[in-house]
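Residues per chain are reported as follows:
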Amino acid sequence: MSIAKRNVLQERSLPDAVLLSRVAVGDTVALGILYDRYAPALLKFARRVERQEAEDIVQTVFMRVLHLAVGFDVQAASARPWLYAITARVALERRRSILRWKTALTHFAKQPEPVVTDTSDVRRDLRTSLSRLSAAKRTVLVLAEVEGFSCYEIAEMLEIPVGTVWTRLHHARRELRDSQEEEA
Amino acid sequence: MTSSSCHRLWQVEAARDGRLSERDKSSFEAHARECRVCSREQRRLERLAEKLRELEPPANEVTLYHGRQKLMKALDARVRQQPSEWSAWRVWGLSACAALALLLLGLWTQHERTPPRTFVHVSALGAHAHWSRLRAGDTELIQLSDDGVFDIRIQRQSKDPRVQVLLPDGTIDDLGTVFQVSLHNRLTVQLVVSEGAVVFHRRAAEDVYLAAGHVWRPEQPAAPEAAAVKSAQSSLQPTSTLQMPQPPELPTPQKPARVAVPSPRRTAPRVKSPPAILREDVAYLHVLSLLRSGHDFEAQLEAIDYLRRFPHGFRSAEIERIATGR
C-alpha cells in the first residue's frame with residue numbers, strides 16, 4: 001500500500017472532532033471527509049423532513065459547517081447530533097422562506113390558496129401522510145423513530161424543552177396512525 | 001382490564017420515549033409481556049417506525065458525488081474570494097498607517113506653508129498706561145494712551161496687514177519689530193528698537209528711521225544753527241536714522257532679543273535737526289512717498305502739516321493741491 005493511500009485512509013478514520021478542528025482553520029479536505037461520512041444519512045433525513053429541497057439543504061449544511069466548526073465541542077464523541085441539528089435548522093429556515101415566497105406570490109396574484117385534494121390515493125401513501133404533518137412534528141418524529149435520537153438529544157438539538165418533544169412526538173404518531181387507519 | 005384497553009396503555013409510548021424511570025420501565029416491560037393490548041401497541045409503534053425507516057431508499061451515489069463536487073467548488077470559490085484573516089489584517093493595518101502618514105504629511109506641509117498671522121503683543125507699565133487695538137482698512141492700529149512704558153513685539157510677514165502705532169504726538173510704522181515706547185505728559189520721550197526697524201513720524205517734525213539697537217530721544221532745545229546743520233548732515237549719511245521714504249526690508253533676526261536699552265556702543269547718534277531746507281525736502285518726500293504707496297489720507301494730513309511748518313516753502317503750491325485734494 002502506498003504511503004499516500006495509507007495517509008488518505010488514516011485521514012478518513014480520524015475522529016469527527018479532529019476533522020472539525022481542521023475544518024475550523026479552513027481545511028476543505030477534512031470537510032470533504034465529513035461529507036463522505038455523513039452526507040448520505042443527512043440527505044435521507046432532509047428528504048424525509050423537506051423532500052423538495054433536500055440536496056440544497058445538505059449543501060447549505062456543509063457550507064455552514066465551515067463557519068460553525070470553531071464552536072464545535074471537541075469533547076463530543078460524535079458530530080452526528082450536531083450535524084443533524086444544523087440540518088433541521090436549515091430545513092426549517094428553508095421551509096419558512098418558501099412559505100414567505102408562497103404567501104407573497106399568492107397575495108400578489110390575488111389567488112386563493114390551493115386546496116389540497118383529500119383523495120384516498122394520497123392518504124394511502126405514508127409519505128404523503130408524513131408530508132401532511134407540520135414541519136416541527138415531522139422533524140421530531142423522523143429524528144426519534146428513524147434516526148434513533150433520544151427525546152433529550154432532540155430537545156438539545158432543536159433547542160426546545162423535552163416536554164415539547166414528547167408532545168410533538170405523541171401528536172405526530174396519532175396523526176399518522178389515524179391516517180393509516182383511515183387507509184385500512 | 002378488557003381485551004381492547006389497558007390502564008397502562010399510555011406507558012407504551014412513555015417507555016419508548018424515555019419518559020419513565022428505570023424502575024417504572026422494568027415494571028411496565030414485565031406487564032407488557034403478559035398484556036396483549038400493550039404488546040400489540042408496542043408492535044404497532046415499531047411497525048410504524050420500520051415503515052418510516054423504509055420510506056427513503058439509500059442516497060444515490062451519483063447524487064452524493066455531484067453534491068460533493070458542487071460543495072467543493074463552492075468552497076474553493078469562497079476561499080479564493082476571501083483573503084486570509086492575517087493578510088486582511090495586514091492590508092487594513094498598512095492602509096491605516098499609510099492614511100495616517102499622509103494625514104501627518106499634509107498637516108505638516110500645511111503648517112509649513114501657512115504664513116504666521118500678524119502677532120502683536122503689548123505690555124504696558126505705568127499706573128495710567130493703557131492701549132487699544134483696532135483695524136482700519138488693511139492697517140492694524142495700536143493706540144497708546146497716557147503716560148507709561150510700552151514694550152511692543154510685532155511679528156508679521158510682508159503680506160500681512162501693515163501695523164501702525166498711534167502715539168499722542170505721532171505715529172510709528174512697524175516693519176516687523178520689537179521696540180519700547182516711553183510716553184510722558186502725552187509726549188514720546190524715548191523709543192528703543194531692539195529688533196527690526198521702525199519709522200517714527202513725529203507731528204511737526206521730521207520722520208525718523210530707527211533700526212535695531214537705535215535709541216531715539218527728543219531733541220535738545222535750541223542748539224546752535226551750525227552744530228544743528230552739522231548734526232543733521234551727519235544724520236543723513238547712509239547709516240542715518242532719519243526717515244527713508246521706503247526703507248529696505250530688513251532681514252528678520254534669527255533669535256528674539258529681549259527688550260533692553262542697548263549698549264552705548266550700539267546706540268545711534270542723537271538725531272538733530274537738519275537745516276530748514278533739508279527738513280522741507282524730507283517732509284515733501286514723505287508726502288510723495290505716502291501718495292505713491294496709496295495712503296492718500298495720510299498724505300493729505302502730512303501735506304497740511306507741511307504747509308503749517310513751511311508756509312512759504314518753495315513746494316507749497318504743489319503741497320497745497322495735495323492738502324486740499326484738488
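Because the structure is a prediction, the values reported are computed rather than measured.

What follows is about a positive patch on the surface. A grouping of Arg-36, Arg-40, Arg-43, Arg-47 and Lys-51 of chain B is seen on the molecular surface, where their side chains present a positively charged patch. Relative to the helices and strands, Arg-43 of chain B resides in helix H3 (residues 36-55).

Before going further, it helps to examine the pattern of salt bridges. Pairs can form between side chains of opposite charge once their charged atoms are near each other. The final tally for this structure, using the stated rule, is 23 salt bridges over all chains. Arg-308 of chain B is paired through a salt bridge with Asp-305 of chain B; the nearest N and O atoms lie 2.9 Å apart. Of this pair, Arg-308 of chain B and Asp-305 of chain B both sit in helix H8 (residues 296-309), three residues apart, roughly one helical turn. Take Asp-305 of chain B: its relative accessible area is 10%, and that puts it in the buried class. Residues participating in the shared-partner salt-bridge network are Glu-145 and Arg-173 of chain A together with Glu-13, Arg-16, Asp-17, Glu-46 and Arg-53 of chain B.

Turning to the nonpolar core, a few remarks are in order. Of all hydrophobic cores here, the largest spans 63 residues; its most connected members are Phe-62 and Val-65 of chain A together with Leu-52 of chain B. In terms of residues, this core owes the most to one element, helix H3 (residues 28-49) of chain A, which gives twelve residues. Apart from the residues within four sequence positions on either side, Leu-52 of chain B is in contact with Arg-48, Leu-126, Leu-130, Leu-141, Glu-145, Val-146 and Leu-176 of chain A. Counting residues in each nonpolar core, the second largest holds 22 residues, with Val-122, Phe-150, Val-165 and Trp-216 of chain B among its members.

As a further point, take the confidence of the model for chain A. Residue and element names in this part refer to chain A. Per-chain confidence: chain A averages 82 in pLDDT, with 84% of residues scoring 70 or above. Helix H9 (residues 151-158) holds the highest mean pLDDT among the elements of chain A, 91, whereas helix H6 (residues 120-124) holds the lowest, 46. Here residues 113-120 scores under 50 on pLDDT; set against residues more than four positions off or in separate chains, the count is five contacts.

This brings us to the interface of chain B and chain A. How large an interface is tends to be reported as the accessible area lost when its parts come together. At the junction of the two partners, chain B supplies 28 residues and chain A supplies 37 residues. Summing the contributions of chain B and of chain A, the shared interface buries around 3,200 Å²; its carbon and sulfur component is 59%. There are six salt bridges connecting chain B and chain A. Put simply, Glu-13 of chain B and Arg-173 of chain A hold a salt bridge, and the shortest N to O gap is 2.8 Å. Across the contact surface, chain B and chain A share 14 residue pairs in polar contact (both at pLDDT 80 or more). Secondary-structure elements contributing two or more residues to the side of chain B that touches chain A are helix H1 (10-17), H3 and helix H4 (61-81) of chain B. The greatest single-element share of the side of chain B that touches chain A, amounting to ten residues, is contributed by H4 of chain B. Considering only residue class, the side of chain B that touches chain A consists of 13 nonpolar, three polar and twelve charged.

With that out of the way, let us pick up the sheet that holds strand S2 (residues 130-136) of chain B. Residue and element names in this part refer to chain B. Strand order in the open sheet formed by six strands is S2-S3-S5-S6-S9-S10, with mixed pairing between adjacent strands. Looking at the sheet topology across the chains shown, the edges are occupied by S2 and strand S10 (207-211). Averaged over all adjacent pairs, the angle separating strand axes in this sheet is 20°, with direction ignored. Strand direction decides the pairing type here: strand S3 (residues 139-145) and strand S5 (residues 162-167), joined by five bridges, are parallel. The partner of Ile-142 across the bridge, within S5, is Val-165.

Calculation notes
- Residues numbered from 1 in each chain as written.
- Chains lettered and ligands numbered in written order.
- Predicted model: local features only at pLDDT ≥ 70, side-chain atom pairs only at ≥ 80, totals over all residues.
- Heavy atoms only, no water.
- Patch = residues over 30% accessible without salt bridge, like charges linked within 9 Å, V, L, I, M, F, W, Y side chains within 5 Å.
- Areas by Shrake-Rupley, 256 points an atom, 1.4 Å probe, with all protein chains shown as cover.
- Salt bridge = Lys/Arg side-chain N within 4 Å of Asp/Glu carboxyl O.
- Lys, Arg positive; Asp, Glu negative; His and termini not counted.
- Charge placed at Lys NZ, Arg CZ, Asp CG, Glu CD.
- Helix = DSSP H or I, 4+ residues; strand = E, 2+ residues; numbered from the N terminus.
- Buried < 20%, exposed > 50% of the residue type's maximum accessible area, 1.4 Å probe, protein only.
- Core = buried A, V, L, I, M, F, W, Y, C linked by side-chain atoms within 4.5 Å.
- Contact = heavy atoms within 4.5 Å.
- pLDDT = per-residue confidence, 0-100.
- Buried area = accessible area lost by both parts, 1.4 Å probe.
- Polar contact = N/O pair within 3.5 Å; in protein donor to acceptor, adjacent residues only side chain to side chain.
- Nonpolar A, V, L, I, M, F, W, Y, C, P; charged D, E, K, R; others polar.
- Pairing = 2+ DSSP bridges.
- Axes fitted to C-alpha atoms, helices over the stretch in contact; angles between N-to-C directions.

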